[in-house]
Amino acid sequence: MRFVNSYSDKIKKYVIENNLTYTIDTMGCQMNENDSNKYSGILESMGFKRENNEKKSNLILFNTCCVRENAENTLFGRLGYLKNRRLKEENVFLVVVGCMTQQKHILEKIKISYPFVDIVLGTSAMSIFPQKLYDAILNHKKSIEYIDIGNEIEEEVPIIYEDKYKASVSIIYGCNNFCSYCIVPYVRGRERSRRPEDILKDIKTLAKNGYKEIMLLGQNVNSYGNDFKDIDYNFSDLLQDVEKIEGIEIIRFMSPHPKDFKDDVIEVIKNSKKIARQIHLPLQSGSTNILKQMNRKYSKEQYLEIVEKLKKADPSISFSTDIIVGFPNETEEEFLETLDVVKKVQFDQIYMFIYSKRKGTRAATIEDKVTAEEKVERLERLKKLYEKMLPDLNKKLIGNKYKVLVEGKSKNNENFFTGRTSQNKVVIFKAEKEDIGKIKDVKITSEHLWYLKGEIV
Ligand code: 5AD
Ligand code: SF4
């Protein structure tokens, strides 16, 4: 479906005359970040100016996440805080979009306790956002209702990236995996791959506009293309076609699922000059028994085998991962299996989470005997192990030379510029303003746990 904003002219006059501004508050993953860029695109096409300050903005849009429980509390806290402004000031509008809105109990709670919200929109309803906005702003008509996740893909939605040199591009929406702890398949629907020609067109336009780095996004990127009925085209085909696009120098993707990480993709990575030497490979748990209960469909050994194959394809590849500690009834031995995988793989980056019970998922029905204290303690032990490993990993990089996209001035250190190595390590170095957006050879000179220092050579 091609996105058409037939409301933009009707509303623009009012928005511009009243100088209306917006702020987007994004929770959760990169898919949400990408959706927020689209909401920015739609709002700016209707005349809104970005403010990035809730207190001063006319329209505040919350793009929500429901993967873990704490995000819910954050949303309701923020809405409560904005209630007075919404009710007392003219031209203040509140919008809630994203994963939480696809849960009926959340919608009920908004209706009952936060009825001053103007618009609630589901996860695949951008095409009706302009009309809802028009109704809210010009007709004072609210819209807090459940919207089914359709099968349609909305193409040509205007998009505004905050960054000038790197951009993320969604390639597949939804998820079919139903990992037993995860709410995503319920709130994002079934897998829907974008047509390759649409994706490639977007990336070619980005390249023409000076973008150098592309992140291909999906809940499970390596099931890309499984739903095509008329063409035989999968993730490795897409990677090879993106590689051919002139101007794009760095290709990243997130997230692949270990169960679908097939040899053809490893071969493409091996032969690629552009695919980053960093693979994000969500582990979740190192225990085969827990993985089985998580419905992950791979064992500890199979996970390690993929890592080995990738390391063999290119020893410079580094790994990042997601780990959940404290899955219901996880034993000490099972947790130690996770630590064992962490030691074996030597992850460069670990996103660590304590298991959070999500209503409606299979794991939520399991009676859990592990205490909250034990879970926190396991998280601490995982953190400690990681922080102990990291300096040694970093030290191995000293003296090496990497191609680094100069992203801009370092936020924490005025005298330095910042970028990332192919392995996604943050590196700061002296450079000139003119170097921003260019790829430079940087030699690593020292390590500082969360970043490296280097010099352009
Ligand atoms: N509890 C804790 N972490 C979760 N994740 C997904 N669902 C849950 C949950 N119920 C984590 C997984 C996933 C990441 C995006 O969030 O590690 O890879
Ligand atoms: Fe959730 Fe599993 Fe799908 Fe990832 S692959 S989004 S963890 S169900």
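Values in this document were obtained by computation on a predicted structure and should not be read as measured data.

Cut-offs used in this document
Residues numbered from 1 in each chain as written. Chains lettered and ligands numbered in written order. Predicted model: local features only at pLDDT ≥ 70, side-chain atom pairs only at ≥ 80, totals over all residues. Heavy atoms only, no water. Near = heavy atom within 4 Å. Nonpolar A, V, L, I, M, F, W, Y, C, P; charged D, E, K, R; others polar. Helix = DSSP H or I, 4+ residues; strand = E, 2+ residues; numbered from the N terminus. Buried < 20%, exposed > 50% of the residue type's maximum accessible area, 1.4 Å probe, protein only. Axes fitted to C-alpha atoms, helices over the stretch in contact; angles between N-to-C directions. Parallel < 35°, antiparallel > 145°, perpendicular 65-115°, else oblique. Left-handed = near helix turned anticlockwise from the far one by under 90°. Contact = heavy atoms within 4.5 Å. Pairing = 2+ DSSP bridges. Polar contact = N/O pair within 3.5 Å; in protein donor to acceptor, adjacent residues only side chain to side chain. Areas by Shrake-Rupley, 256 points an atom, 1.4 Å probe, with all protein chains shown as cover. Phe/Tyr/Trp six-rings, centres within 6.5 Å; stacked < 30°, edge-to-face > 60°. Lys NZ or Arg CZ within 6 Å of the ring centre and 35° of its normal. Domains from an automatic or database assignment. Buried area = accessible area lost by both parts, 1.4 Å probe. Salt bridge = Lys/Arg side-chain N within 4 Å of Asp/Glu carboxyl O.

Enquirer: Help me get a handle on the site of ligand 2, residues and values and all.
Expert: In the vicinity of ligand 2, the contacting residues are Cys175, Asn177, Phe178, Cys179, Tyr181, Cys182, Val184, Pro185, Gln219, His257 and Arg296. Grouping the constituent residues of the shell around ligand 2 by class yields 7 nonpolar, 3 polar and 1 charged.

Enquirer: Please provide a residue-by-residue account of the environment of Asn84, values included.
Expert: By the secondary structure assignment, Asn84 is in helix α3 (residues 70-88). Residue Asn84 is classed as partly exposed on the basis of its relative accessible area of 49%.

Enquirer: Could you give me a rundown of the environment of Glu90, with the residues and numbers involved?
Expert: Counting through the fold element by element, Glu90 comes out in the loop between α3 and β4 (93-98). For Glu90, a relative accessible area of 68% corresponds to the exposed category. It is 8.7 Å that separates the C-alpha atoms of Glu90 and Asn58, two residues lying 32 residues apart in sequence.

Enquirer: For the packing of helix α1 (residues 8-17) against helix α5 (residues 129-139), give the residues involved together with the corresponding values.
Expert: Contact geometry for α1 and α5: axes closest at 10 Å, N-to-C directions at 40°. Between α1 and α5, the crossing angle belongs to the class labelled oblique. In terms of crossing hand, the pair formed by α1 and α5 is left-handed. Of α5, the residues touching α1 (which contributes Lys10, Ile11 and Tyr14) are Leu133, Tyr134, Ile137 and Leu138.

Enquirer: Describe in detail the sheet that holds strand β6 (residues 143-144), supporting the description with residues and values.
Expert: Here 6 strands make up an open sheet; going across it, the order is β2-β1-β3-β4-β5-β6 and the pairing parallel. The outermost strands of the open sheet, each flanked by one partner alone, are β2 (49-50) and β6. Relative to strand β3 (residues 59-64), strand β1 (residues 21-26) runs parallel, the two being bridged by 5 bridges. Paired with Asp25 across the two strands is Phe62, which belongs to β3. In this fold α3 packs onto β1, β3 and β4, with an angle of close to 165° to the strand it touches most, β3.

Enquirer: An account of the site of ligand 1 is requested, with residue identities and associated values reported.
Expert: Taken together, Val67, Arg68, Tyr181, Gln284, Asp322, Ile324, Phe353, Ile354, Tyr355, Ser356 and Arg358 are the residues near ligand 1. The side chain of Arg68 places a nitrogen or oxygen atom 2.9 Å from an oxygen atom of ligand 1. Within the backbone of Tyr181, an N or O atom sits 3.0 Å from a nitrogen atom of ligand 1. Against a free-state accessible area of 400 Å², the protein chains account for coverage of 86% of ligand 1. Classifying every residue of the shell around ligand 1 gives 6 nonpolar, 2 polar and 3 charged.

Enquirer: Before we move on, can you summarise the packing of aromatic side chains with the specific residues and values?
Expert: This structure, assessed with the given rule, holds 12 aromatic pairs. Each ring, one from Tyr39 and one from Phe129, has its centre 5.2 Å from the other, and the planes form 85°; the classification is edge-to-face. Placement of the pair is Tyr39 in helix α2 (residues 30-45) and Phe129 in helix α5, with a sequence separation of 90 residues. Under the relative-accessibility criterion, Tyr39 is labelled buried at 2%. Look at Tyr386 and Trp450: their rings are 6.0 Å apart centre to centre, the planes differ by 40°, and that puts the pair in the tilted class. In this pair, Tyr386 is assigned in helix α13 (residues 372-395) and Trp450 in the loop between β19 (439-447) and β20 (452-456), connecting sequence segments 64 residues apart. Taken together, the aromatic side chains of Phe76, Tyr114 and Phe116 make up a single cluster linked through ring pairs. Over the ring of Tyr146 we find Lys104; its NZ or CZ atom is 4.4 Å from the centre of that ring. Geometry around Phe76 places Lys109 over its ring, the cationic atom sitting 4.4 Å from the centre.

Enquirer: Could you give an account of the domain arrangement of the protein, with specific residues and numbers?
Expert: Structurally, the protein comprises domain 1 (8-144), domain 2 (166-394) and domain 3 (401-456). Inter-centroid distance (C-alpha atoms) of domain 1 to domain 2 is 30 Å. Listed as interface residues are 17 residues of domain 1 and, on the opposing side, 20 residues of domain 2. Of the roughly 1,600 Å² buried between domain 1 and domain 2, counting both surfaces, carbon and sulfur atoms make up 52%. It is Gln30, Met31 and Arg68 in domain 1 that bury the most area against domain 2; as a group they hold 37% of the surface buried on that side. At the junction of domain 1 and domain 2, the tally comes to 2 salt bridges. Taking the shortest distance from any N to any O, the salt bridge between Arg188 and Asp35 comes out at 3.1 Å.

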